[in-house]
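Next come the chains, spelled out residue by residue.
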There are 2 protein chains.
Amino acid sequence: MNDNVILGIDIGGTRVKMAIINSNFEILSMGIIPTNIKDSPEKFLKTVVEKASELKNYDKVCEIGVGIPGDVDFKNGILRFSGNLGWKNIPIRDILHKYSKKKVYVDNDGNTASVGAFWLDTKGKANNLVCITLGTGVGGGIIIHKKLYRGASYSAGEMGHITIKHDDKPCNCGNIGCVEVYLGANHLTQYSIEYIKKHKSKIISDLVGKDLSKFTLETLNKAAIKKDKTALEIYDYAGEILGILFANVINMLNPDTIVLCGGLTLSGNFILSPAKKIVLSRAFKIPAKTCKIICSKWSDRLGVIGAAMLTKQETI
Amino acid sequence: MNDNVILGIDIGGTRVKMAIINSNFEILSMGIIPTNIKDSPEKFLKTVVEKASELKNYDKVCEIGVGIPGDVDFKNGILRFSGNLGWKNIPIRDILHKYSKKKVYVDNDGNTASVGAFWLDTKGKANNLVCITLGTGVGGGIIIHKKLYRGASYSAGEMGHITIKHDDKPCNCGNIGCVEVYLGANHLTQYSIEYIKKHKSKIISDLVGKDLSKFTLETLNKAAIKKDKTALEIYDYAGEILGILFANVINMLNPDTIVLCGGLTLSGNFILSPAKKIVLSRAFKIPAKTCKIICSKWSDRLGVIGAAMLTKQETI
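These figures come from a predicted structure and were not determined experimentally. (Residues numbered from 1 in each chain as written. Chains lettered and ligands numbered in written order. Predicted model: local features only at pLDDT ≥ 70, side-chain atom pairs only at ≥ 80, totals over all residues. Heavy atoms only, no water.)

Caption draft 1: Quick peek at the overall build of chain A. When you go through chain A residue by residue, the secondary structure sums to 11 helices and 13 strands. Taking 316 residues into account, the globule formula puts the C-alpha radius of gyration at 20 Å, and chain A, at 20 Å, falls close to it. Projected onto its principal axes, the C-alpha positions of chain A cover 55 × 45 × 35 Å. Buried residues in chain A amount to 60% of all 316 residues. The contacts of chain A with a sequence gap of at least 6 include a subset with a gap of at least 24, amounting to 61%. Put simply, chain A shows about 12,900 Å² of open surface, and 52% of that area lies on carbon and sulfur atoms. (Helix = DSSP H or I, 4+ residues; strand = E, 2+ residues; numbered from the N terminus. Rg over C-alpha atoms; globule rule 2.2 N^0.38 Å. Buried < 20%, exposed > 50% of the residue type's maximum accessible area, 1.4 Å probe, protein only. Contact = heavy atoms within 4.5 Å. Areas by Shrake-Rupley, 256 points an atom, 1.4 Å probe, with all protein chains shown as cover.)

If you want it as structure tokens, here you go:
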């Protein structure tokens, strides 16, 4: 059964998660190291392989699946561009193969998350699934007819870069009014701080020791749990943006399932409830009712298991 | 070869086109009748069959494909809702079968247009194609891996109801700031008239005999041909909206081809050139360069041939 043991590597902006899993998606061993982008990509990836090789059952691994933020040429395993990592045209697959001697698959982390969501959250039952990842960036992936849809140049699923306010804030991607400009973690944190300055909250003030520079989205979640009005209003705002994105996805793709994952989903229904209300008012009724919208229950391991399952995922 | 002779019926808001075609997409005979929605749907559809049965080669037809504006349950051949026709839950397939005794397929006219664009404009060569129809309404259809993608409840491809200005004008669909509110023929005509009132144009004034109530989108096209500045500015505006829609489609679906069809495409590059510029500034570079954006060369028969080809089109 050696051929069913896979190494998944989830490369994020701040840390790299690694997990060796079996065909039941059970994690046999796991490791985390910081993402050191001060090193050259090759040196960094060599370190990743060295750390992975220390994991239990690494000797049984035949294949490696990698998720990485940015624009990935899946066919050739090349990271064409990553704003997050500051890298351009890095042959991730070949470098990892050089040091591991194993077969390597590399894809955008939104795609690997959607593979993870498909297998973990829907047990492979969804037919047409859209995964939306809410982290520093906003990304996603599309499963069509149980297969990963990559599009003509492997770039499909950029859910964070759908324009919803065409003449509002500029986005790093060059566009204006992208979803990411509102829901990306840094943007939402900044919006929250400005909002809190205008709508004072004793609960939030206490949580950050009266120092708003210490405010994070975790603070927001804690305040909402305490039913803080200001925090709930911020979630209503974020939920509205998310709901517009959902409605666009539903009207365009009519998926049976939308899975939300990433840091912001810790807030669960605080953001999902207002978003679902917006869907009912903005999307076409039948596809809106047909679509099940959930937060992933596997957010902490979706990326790394999805990366591993990439090695087995059929493509359309 | 009788089994390759198909009747296509393209039901529009004002007229019904019918064509009998062979497997080379050649039209053997064709007819047009007005869409009489004063009649009951059954009476109207009975008339359609009667008129079709007068067409040459009708006796050889085994299958009928129908495109109709609205939300269609493809599996059961039911028009669930059509704002354009004012109909709700009409069993189109069963009614047409009752009077024709032939096998009938019914789908949304955006889907049938995308089937037509796939076969006529790309000769079946596109892998992933998005068709956008610009008429009274704005619709569309999605071809993925050469097959028609309908989604979980057969509702996919509602390109006109993607939000791009989330807090602007309300749309008939219940949403706010949909593409259709700007590019639907009536909306764009209204916008143009308001714009012309503010930015006088002698050319347009002459074309409408100084009576702006006579202004249509054909007037706009004629004025643009004469290089009228005001007309070209209106196309720049429409092109910007269209470009934002293209960019959203490209970032989400990364298609190899976008085909534009419907009345507004008569204006060709007047609207397409500014739209393509917007794509380059708003969409991700690689998928933007990968995507070929064209106006259909078959707009007058795309709907009716697409409807006929629906009978042969594989679904994903």
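Let's pick the thread back up.
Caption draft 2: Highlighting the packing of aromatic side chains. Applying the stated rule across the entire model yields 14 aromatic pairs over all chains. Between Tyr235(B) and Phe270(B), the aromatic rings sit 5.6 Å apart at their centres with planes inclined by 25°, giving stacked as the arrangement. On the criterion of sequence distance, the pair formed by Tyr235(B) in helix H8 (residues 229–253) and Phe270(B) in helix H9 (residues 269–282) is long-range, its members being 35 residues apart. Judged by relative accessible area, Phe270(B) falls into the partly exposed class, the value being 26%. Feature note: the residues Phe25(A), Phe118(A) and Trp119(A) constitute an aromatic cluster, connected by ring pairs. Sitting over the face of the ring of Phe74(A), Arg150(A) holds its NZ or CZ atom 3.4 Å from the ring centroid. Positioned above the aromatic ring of Tyr58(B) is the side chain of Lys102(B), whose terminal nitrogen or guanidinium carbon lies 4.6 Å from the ring centre. (Phe/Tyr/Trp six-rings, centres within 6.5 Å; stacked < 30°, edge-to-face > 60°. Lys NZ or Arg CZ within 6 Å of the ring centre and 35° of its normal.)

Caption draft 3: Structural view of a negative patch on the surface. On the surface, Asp167(A), Asp168(A), Asp167(B) and Asp168(B) cluster together into a negatively charged patch. Residue position: Asp167(A) is located in the loop between strand E11 (147–149) and helix H4 (180–183). Using a relative accessible area of 60% as the deciding quantity, one classes Asp167(A) as exposed. (Patch = residues over 30% accessible without salt bridge, like charges linked within 9 Å, V, L, I, M, F, W, Y side chains within 5 Å. Salt bridge = Lys/Arg side-chain N within 4 Å of Asp/Glu carboxyl O. Lys, Arg positive; Asp, Glu negative; His and termini not counted. Charge placed at Lys NZ, Arg CZ, Asp CG, Glu CD.)

Caption draft 4: Structural detail: helix H7 (residues 217–225) of chain A. Residues and elements named next belong to chain A. Residues Leu217, Thr219, Leu220, Asn221, Ala223 and Ala224 constitute the buried set of H7. Summarising the contacts, the buried residues of H7 are in contact with helix H5 (185–198), helix H6 (202–207), helix H8 (229–253) and helix H9 (269–282). The residue sitting at the N-terminus of H7 and contributing the capping side-chain oxygen is Thr216; that oxygen lies 3.2 Å from the backbone nitrogen of Glu218. Immediately beyond the C-terminal end of H7, within one or two residues, lies Lys227, with a positive phi of roughly 60°. (Polar contact = N/O pair within 3.5 Å; in protein donor to acceptor, adjacent residues only side chain to side chain.)

Caption draft 5: Representation of the interface of chain B and chain A in the model. Across the boundary between the two partners, chain B contributes 44 residues, which contact 44 residues of chain A. For the pair chain B and chain A, the two sides together bury roughly 3,900 Å², of which 61% comes from carbon and sulfur. Summed over the shared surface of chain B and chain A, the number is zero salt bridges. Between chain B and chain A we count 27 residue pairs in polar contact (both at pLDDT 80 or more) in total. Looking at the side of chain B that touches chain A, the elements with two or more residues in it are strand E10 (138–144), H8, H9 and helix H10 (285–290) of chain B. Broken down by element, the residue count for the side of chain B that touches chain A peaks at seven residues, all from H8(B). Residues of the side of chain B that touches chain A, tallied by class, amount to 20 nonpolar, 16 polar and eight charged. (Buried area = accessible area lost by both parts, 1.4 Å probe. Nonpolar A, V, L, I, M, F, W, Y, C, P; charged D, E, K, R; others polar.)

Caption draft 6: Inspection of helix H5 (residues 185–198) of chain B at higher detail. Residue and element names in this part refer to chain B. When the terminal C-alpha atoms of H5 are compared, their 20 Å separation across 14 residues agrees well with the 20 Å that a helix rising 1.5 Å per residue should span. Leu188, Thr189, Ser192, Ile193, Tyr195 and Ile196 are the residues of H5 that are buried. Buried residues in H5, looked at end-on, bunch into an arc of 165°, giving them a common side. In this structure, H5 carries Asn186 and Lys198 as exposed residues pointing more than 90 degrees from its buried face. The secondary structure elements touched by the buried residues of H5 are helix H4 (180–183), helix H6 (202–207), helix H7 (217–225) and H8. (Expected span 1.5 Å × (residues − 1). Arc of directions from axis to C-beta.)

Caption draft 7: Spatial organisation of the nonpolar core. Counting 115 residues, the largest nonpolar core has Ile132(A), Phe246(A), Ile132(B) and Phe246(B) as the members making the most contacts within it. Apart from residues no more than four positions distant in its own chain, Phe246(A) is found in contact with Ile132(A), Ile258(A), Leu260(A), Leu272(A), Ala275(A), Val279(A) and Ile293(A). (Core = buried A, V, L, I, M, F, W, Y, C linked by side-chain atoms within 4.5 Å.)

Caption draft 8: Representation of the pattern of salt bridges in the model. Residue and element names in this part refer to chain A. Within the structure shown, the criterion is met by 22 salt bridges over all chains. The partner of Lys197 in a salt bridge is Glu194, and the shortest N-O contact between them spans 3.8 Å. Remark: Glu194 and Lys197 occur in helix H5; sequence separation between them is three residues, near one turn of the helix. With relative accessibility at 46%, the residue Lys197 sits in the partly exposed group. What makes Glu194 partly exposed here is its relative accessible area of 35%.

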